[in-house]
Amino acid sequence: MSNGATNMPEAKYGVASWPEERGNHRALVQVSEKAHAVRANIPWRRRDDAAKKAIWVFDSATRERITNVARLDINRDFGEIAFQPATVPGTYEIYYIPYIPPKSNVGDSGIYPEPDDTTDPAWLQSVIAKQNSLPQVELIEIQARSEFHRFDPMEVAATADEVNELVAKHAGLPYLIFPEDRMNPIRMFDQLPTNWIKNGHSSEFTGDAQPNEFYAFQIGLFAAREEISNLSIRFGDLKTSDGKVIPASALRCFNLGGTDWLGRPFEKNFNVNKGIVGALWIGVDIPRNAKGAYTGKLTLLPDGLEPAEIKIRIAVGGDVLEDRGDSEPWRHSRLRWLDSTIAIDDDVIPPYTPLKVNGNSVSLLCRELTFGEIGLPESIRSNGREILQQPMSCVVETEDDQVSWKRGETHVLKESPGTVVRLSTFEGGPFSGKCWSTTEFDGCVTLNIALKANSTAYIGDIRLEIPFVKDVAKYMMGFSREGGYCPDEWQWAWNIDRSDNMVWLGDFNAGLQCKLKDTEDTWEIFNLKESGVPESWGNGGKGGAIVKKEDDRTVLRIYSGERTLKAGDDLQFRFRLLITPFMPIGAEHWDWRYDQMGVAEPGEYTNIAHIHHGIRENPYINYPFIEADRLKTCVQKIHDAGQKVTLYYTVRELSNRATELWALRSLGSEIFAENEAVSYTDKGAFASTAGTGYSWLQEHLISGYAPAWLQPLWDSTFDAAIGTTGLSRWHNYYIEGMRWLMENTGIDGLYLDGIGYDREIMKRIRKVMLRTRPDSLVKFHSGNNYDYLDSRVSPLNQYMEHLPYFSDLWIGEGYDYDKSPDYWFVEISGIPFGLTSEMLEYENGGNAYRGMVYGMTGRQSRTYEPMLSFWDEFGIKDAKMIGYWDPACPVKTAHKNVLATVYIKKDKTLVSIASWASEPVDIILEVDWQALGLDPSKARVYAPPIEDFQDRREWDPDSTINVEPGKGWLLVLE
């Protein structure tokens, strides 16, 4: 056998090209003399389990695989093999981490083949007998399949002996320090890279920066002998010899804290376990007028260990960086975006209007609410229609009776154009209580009822009751129920595996969503595993809700069940209301003509191009910065054609190409999800397994990540995204990124495919967009999350808090367009919320006949372009839409399964008819001619020709019209 790592040759590293199915890493060796077998020692210095991976040897001349290969000594540090050369002299390729790429871009990690036995037994026996005398091949180079796949310089692991020797040189130090430039991000936390062995422990950092740059660098720490706990840093001023100063306040460490997504400062504990590496990313705000060599120090202050001083020397010179360095991602200057507070304010954005307070009432766009004695709403009106049949109430049942509340004081804590905060106090029975409410300009009302027990008491129930006017609660969506008509009764219970803790009840012009919340906001799309079930509402499994029709009202009762409270115990019942619809439906949507799938080219029939990820102009998911120049050129081309551009850019997953990936990873679980990420396609949803995914992720990240989307690219490479957490500082970066993209590439809006953040981030994003470009757009698309992973959460309910900030919708993969009209109305149309929608079905674009009843079509439908032409010919933008859902609709069909929506103009009306009947139906239109402004004696009814939709037909106004199942007509009355 081999005599071990002491014979490890020095390796050169390089890049070459070869088929991916051989893996991403190889050793190139030269055989110079003919032999029955030769021996190769490969100093691969790897981190995976080498014994479980196959080794393939190929002859470079013949491109044939060598079958006689012997694994002599395979370990983490090196691999020693023997093989039988065919071409001599010749070059041989030793693929030591072969990998079979995935067949699917979601849910498939590919395969690492295990060692296989292709060796002739007799040859193997002779090799083992003579292994120490076998000729040694020459190691030419260790190669990666691309620059991106390289392990060197920061992922070439030192041997245990090398680490021990380094530690022994610094006998008095509990931890070793390795300052690093931003060009070499620290990647390994379980190993030391070999260049740290060569460079050694150091207490000095030297770097070069430019004026006005936000300059970033790293400090690596190796906990050699002691655990590093609760480390803090004391920064000193940086000074030049002629007295110029960069103050200590200009330096920060992102690993020790910052500013969260709500603008709140926070601190992080920085700990490094013994034998582990930690990375500190530090930023310096270089002044605009800085010039010269600035020197100073920072002091590391770990608990229980001696402080360590690090000398800092930054030479500042060259041109002023007007953009702080942001246009060059390698500088890492955009790390400061993590702590941005951009657009955290109370300003109102269009189409919303400033809040108006009149006593206990607050009015906003098309809506008004009035608060009662203990601070809960007693009246909520939308479009002049009362939603509440009685005031909301907090009901507490004790052993003796139901508690009667005695009103205390009410204070308006904040009154601004965008936000009104109120606090009401009350008491009753064994409780004293407070109720906070925050009303915002978009119709969001967040309430928190805090109850404190003044004495020990048995509680039969604590519940919130919301009594709806019965005919307002016509439709329901939520609490695990699909959207549609409100049932006579519906029961729901908390389930940690489903984030279904919200329900909407309403009609086309008035409605209310209630979402139950914990004391701290989280954003969990599919389950509640991150936050857990709120103790107040859930009460150990006793909590739940009932929706029930009772006489002239429909009551939503949210109960928490029985419990015993001791004196001093307090509970907080936090919930949020959204008053719908959020805005009047405008006519602009008739002019928004989006391209089919985002080919980044102007379209003949479209005026908005969508640039998706995975294409040359925007290859990397949620990270459009690397190809920003190419993106800018593309956007300009589309603008020159008179069209707008929307961009796929969100969070929830992040490309593994992101420059700041390693800096973000140094923050632990703050940014990246560690357990699972969910990705979905038209074929279904997939929950990933931590530590799996595409080869790059497994070979470089190793563990502590959750793989997400895998996007094949035009050049046969892949973009492998990883999942991000629900809410974090990355959302601050995202918002700044949107500002930068709009200013530097010229994009006009966003295309959101699912959303990885809450309404607070959505509100900030929209503010930034409108302030940068007042006519900007946000297009939202979602698949049918209700069925995916059995989540039982409908997207328009799940994302309702975001709807006030959208321009329109595109709904969506996995939807069943054969379902009933009430499902269409609530789940797909967007109309109850003040939005319009489009359909998406990959096979046929949806149902064009039913879609027009809701004012929409399908972008991928063959009728799309003919329909657009007809809209323009008719002048539909100038028409008033009145749907079948509105009692004022002036045209009816007298058939319950054939519905009609009208588009009224001064001299003519368009009637959209669609059938949900299972057989052909004959109908006669019931028309309120006076409401249409038409004379029935002179009126004509005809179907204009629309390609792939209908042929021209004409009827008398009182004639029978035949409607085929699943189809309909567009009829003009004039």
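Below you will find a few notes about this structure. (Residues numbered from 1 in each chain as written. Predicted model: local features only at pLDDT ≥ 70, side-chain atom pairs only at ≥ 80, totals over all residues. Heavy atoms only, no water.)

## Focus: the sheet that holds strand β42 (residues 608–611)
- Spatially, six strands are ordered β42-β43-β49-β50-β51-β52 in an open sheet, and the strand pairing comes out parallel. Looking along the sheet, the strands with just one partner apiece sit at the ends: β42 and β52 (837–839). Across the sheet, the mean angle separating the axes of adjacent strands is 20 degrees when strand polarity is ignored.
- Direction of pairing for strand β51 (residues 808–811) relative to β52: parallel, over a ladder of three bridges. Opposite I811, over in β52, you have M839 as the bridge partner.
- On top of the sheet, helix α9 (residues 759–772) reaches β49 (749–753) and β50 (777–782); it is set at about 145 degrees to β50, its chief contact. (Pairing = 2+ DSSP bridges. Helix = DSSP H or I, 4+ residues; strand = E, 2+ residues; numbered from the N terminus. Axes fitted to C-alpha atoms, helices over the stretch in contact; angles between N-to-C directions. Contact = heavy atoms within 4.5 Å.)

## Thoughts on the packing of helix α8 (residues 730–745) against α9
- Relative to each other, α8 and α9 sit at 20 degrees, their axes nearing to 10 Å. Considered as vectors, α8 and α9 are oriented roughly parallel to each other. Remark: the crossing between α8 and α9 carries right-handed chirality. Contact with α8, carried on its side by H731, N732, Y734, I735, M738, R739, M742 and E743, involves I761, R764, I765, V768, M769 and T772 of α9 and no other residues of that element. (Parallel < 35°, antiparallel > 145°, perpendicular 65-115°, else oblique. Left-handed = near helix turned anticlockwise from the far one by under 90°.)

## Observations concerning the packing of aromatic side chains
- One pass over the full model with this rule turns up 50 aromatic pairs.
- Aromatic pair F205 and Y215: ring centres 6.5 Å apart, planes at 40 degrees, arrangement tilted. With F205 in strand β11 (residues 204–209) and Y215 in strand β12 (residues 214–222), this pair connects stretches of sequence that are ten residues apart. This pair shows no difference in class: F205 is buried, exactly as Y215 is.
- Consider the rings of F870 and F874, whose centres lie 6.2 Å apart with planes at 25 degrees: the pair is stacked. Of the two residues, F870 and F874 both sit in helix α13 (residues 864–874), four residues apart, roughly one turn of that helix. (Phe/Tyr/Trp six-rings, centres within 6.5 Å; stacked < 30°, edge-to-face > 60°. Buried < 20%, exposed > 50% of the residue type's maximum accessible area, 1.4 Å probe, protein only.)

## Some details on the sheet that holds strand β10 (residues 176–181)
- One open sheet accounts for four strands, arranged β10-β12-β19-β16; its pairing is antiparallel. Sheet topology places β10 and β16 (251–253) at the edges, where each strand pairs with a single neighbour. Averaged over all pairs of adjacent strands, the angle between strand axes in this sheet comes to 25 degrees, irrespective of strand direction.
- Two elements, β12 and strand β19 (residues 277–285), share nine bridges in a ladder whose sense is antiparallel. Paired with G220 across the bridge in β19 is A279.

## Thoughts on α9
- A rise of 1.5 Å per residue sets the reference length of α9, with its 14 residues, at 20 Å; its end C-alpha atoms lie 20 Å apart and thus fit the reference within 8%.
- Here α9 lies mainly inside the structure; eleven of its 14 residues are buried.
- Within the sequence span of α9, burial applies to R759, I761, M762, K763, R764, I765, R766, K767, V768, M769 and L770.
- In this structure, the buried side of α9 is in contact with β30 (431–440), β31 (444–453), β41 (570–580), α8, β49 and β50.
- Put simply, D758 is the residue that caps the front of α9, since its side-chain oxygen is 3.2 Å from the backbone nitrogen of E760. (Expected span 1.5 Å × (residues − 1). Polar contact = N/O pair within 3.5 Å; in protein donor to acceptor, adjacent residues only side chain to side chain.)

## What about the pattern of salt bridges?
- All chains considered together, the criterion is met by 75 salt bridges.
- A salt bridge links E465 to R463, with the shortest nitrogen-to-oxygen separation between them at 2.8 Å. Considered together, E465 and R463 belong to a single accessibility category, that of buried residues.
- Ionic pairing is found between R729 and E670, a salt bridge with its closest N-O pair at 2.7 Å. You can see R729 sitting in the loop between β48 (718–723) and α8 and its partner E670 sitting in the loop between α6 (661–665) and β45 (678–681), a full 59 residues away along the chain. The burial state of R729 is the same as that of E670; both residues are buried.
- Taken together, the shared-partner salt bridges connect R252, K268, D285, R324, D339, E670 and R729 into one network. (Salt bridge = Lys/Arg side-chain N within 4 Å of Asp/Glu carboxyl O.)

## Quick look at the pairing of strand β55 (residues 898–904)
- Of all the seven residues making up β55, seven are buried; the element is thus mostly covered by neighbouring parts of the structure.
- Neither face of β55 is open: one carries V898, A900, V902 and I904, the other L899, T901 and Y903, and all of them are buried.
- Sheet topology places strand β53 (residues 880–882) next to β55; three bridges connect them, and they run antiparallel. Bridge pairing in β55 links M881 to Y903.
- Of the pairings in the sheet, the one linking β55 to strand β56 (residues 909–915) comprises seven bridges and is antiparallel in character. Bridged to V898 within β56 is S915.
- Hairpin connection between β55 and β56: a loop of four residues separates the two successive antiparallel strands.

## Structural notes on unusual backbone geometry
- Omega for the bond connecting V88 with P89 falls within 30 degrees of zero, at -10 degrees, which places this linkage in the cis form.
- Of note, P89 is situated in the loop between β7 (79–83) and β8 (90–95).
- Following T580, the chain continues to P581 via a peptide bond in cis, the omega torsion being -5 degrees.
- Topologically, P581 is positioned in the loop between β41 and β42.
- The backbone of R324 sits at a positive phi, close to 70 degrees, despite the residue not being glycine.
- Checked against the element boundaries, R324 lands in the loop between β21 (308–316) and β22 (356–358).

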